[in-house]
Amino acid sequence: MYHDLPRDASFWLVLFSIDQDLAKSARQKACPCGGRLHCANYPRKPRGGGKDLPEEYGYRLSFCCDRDGCRKRVTPPSVRFLGRKVYLGAVIVLVAAMRHGPSPRRVAELSRLFGADRRTIARWRVFWDEYFPQTAFWKVARARLVPTVEIALLPLSLLDAFLRGDDPHEGWKRLLQFLSPITIAGDVKIELL
Ligand SMILES: [Zn+2]
């Protein structure tokens, strides 16, 4: 099984550079009011990344309109952060997936590996079982996946769909890019979970 996350610095830096690209295109669109977007990053203290997590992970890229009376915030999609969840998006996908499959990993083992407690891991399962399949994103995006992904096995079936090749960095990159639309407000209210 491929179910190891390449948690080395080079992997995390690749994800960061994707976030920079996503932020760049969000900024180029400007604010709907016509104002310019200024840098207004959110400080973050992500968990689950291991010892090689670069210091760039101390913030999520975000912008704020510079026009008085507007000041609207624009937060681009991310391949690193899943909404306001504390754990890195990749860890939330991986740990939930490892509870499924032919030889499910035990919660105690996952807690030791990633530092998430039992209740947190249970919430992630609720997210993948009940919440994610109902999102507008998933109802549309699902049709683009070949082979068709089994909802009953989310998110393990997503790993199966994206991590087929030999290069786990590349597979993870594509999977996290695929999921990035759900990391902004409007579809999934991830912050409630
Ligand atoms: Zn504005």
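Figured I'd write up the structure that's included with this text. (Residues numbered from 1 in each chain as written. Predicted model: local features only at pLDDT ≥ 70, side-chain atom pairs only at ≥ 80, totals over all residues. Heavy atoms only, no water.)

### Describing unusual backbone geometry
Put simply, L154 and P155 share a cis peptide bond, and its omega is -5°. Unlike most non-glycine residues, A30 shows phi in positive territory, near 65°. Among the secondary structure elements, A30 is positioned in the loop between α1 (9-29) and β1 (37-39). Backbone geometry at R71 places phi at a positive 55°, although glycine is not the residue there. With respect to the helices and strands, R71 occurs in the loop between β4 (63-65) and β5 (73-74). Exposure remark for R71: the relative accessible area of 45% places this residue in the partly exposed category. (Helix = DSSP H or I, 4+ residues; strand = E, 2+ residues; numbered from the N terminus. Buried < 20%, exposed > 50% of the residue type's maximum accessible area, 1.4 Å probe, protein only.)

### Some remarks on the coordination of the zinc ion
The coordination sphere of the zinc ion contains the protein donors C31 (SG), C33 (SG), C65 (SG) and C70 (SG), at a distance range of 2.2 to 2.3 Å. Coordination of the zinc ion draws on donor residues from a single chain, spaced C-x1-C-x31-C-x4-C in sequence. On the basis of relative accessible area, C70 is assigned to the partly exposed category, the value being 28%. (Donors = N, O, S within 2.8 Å, 3.2 Å for Na, K, Ca; no water.)

### Regarding the side chain of R60
Tracing the backbone shows R60 in strand β3 (residues 59-60). Here R60 occupies a buried position and makes no salt bridge, while the nearest side chain of opposite charge, D19, is found at 6.0 Å. (Lys, Arg positive; Asp, Glu negative; His and termini not counted. Salt bridge = Lys/Arg side-chain N within 4 Å of Asp/Glu carboxyl O.)

### Some details on the sheet that holds β1
Judged by pairing direction, the sheet is antiparallel, and its 3 strands sit side by side in the order β1-β4-β5 without closing on themselves. Only two strands of the sheet have a single neighbouring strand rather than two, namely β1 and β5. Across 3 bridges, β1 lies against β4 in antiparallel orientation. Across the sheet, H38 pairs through a bridge with C64, a residue of β4. The sheet strands contacting α1 are β1 and β4, and the helix crosses β1 at an angle near 145°. (Pairing = 2+ DSSP bridges. Contact = heavy atoms within 4.5 Å. Axes fitted to C-alpha atoms, helices over the stretch in contact; angles between N-to-C directions.)

### Considering helix α3 (residues 107-114)
Taken together, the buried positions of α3 are V107, L110 and F114. Here the buried residues of α3 occupy an arc of 60° about the axis, which is enough to place them on one side. On the buried face of α3, the contacting elements are α2 (89-98) and α4 (118-131). Once α3 ends, the next one or two residues include G115, with phi positive near 75°. (Arc of directions from axis to C-beta.)

### A short note on the nonpolar core
Counting 48 residues, the largest nonpolar core has F132, L158 and W172 as its most contacted members. Among the elements of the structure, α1, α2, α3, α4, α5 (136-141), α6 (156-162) and α7 (168-179) are those that each provide at least two residues to this core. Residue contacts for W172: discarding those within four places in its chain leaves D4, L5, P6, F11, A90, V93, L94, L159 and L163. (Core = buried A, V, L, I, M, F, W, Y, C linked by side-chain atoms within 4.5 Å.)

### Section: α7
The terminal C-alpha atoms of α7 lie 16 Å apart, and with 12 residues this matches the ideal 16 Å at 1.5 Å per residue to within 8%. G171, W172, L175, L176, F178 and L179 are the residues of α7 that are buried. The arc that holds the buried residues of α7, viewed along the axis, is 155°, so those residues lie on one side. For α7, the elements touching its buried residues are α1, α2, α4, α5 and α6. For α7, the N-terminal capping position is held by D167, with its side-chain oxygen 3.0 Å away from the main-chain nitrogen of H169. (Expected span 1.5 Å × (residues − 1). Polar contact = N/O pair within 3.5 Å; in protein donor to acceptor, adjacent residues only side chain to side chain.)

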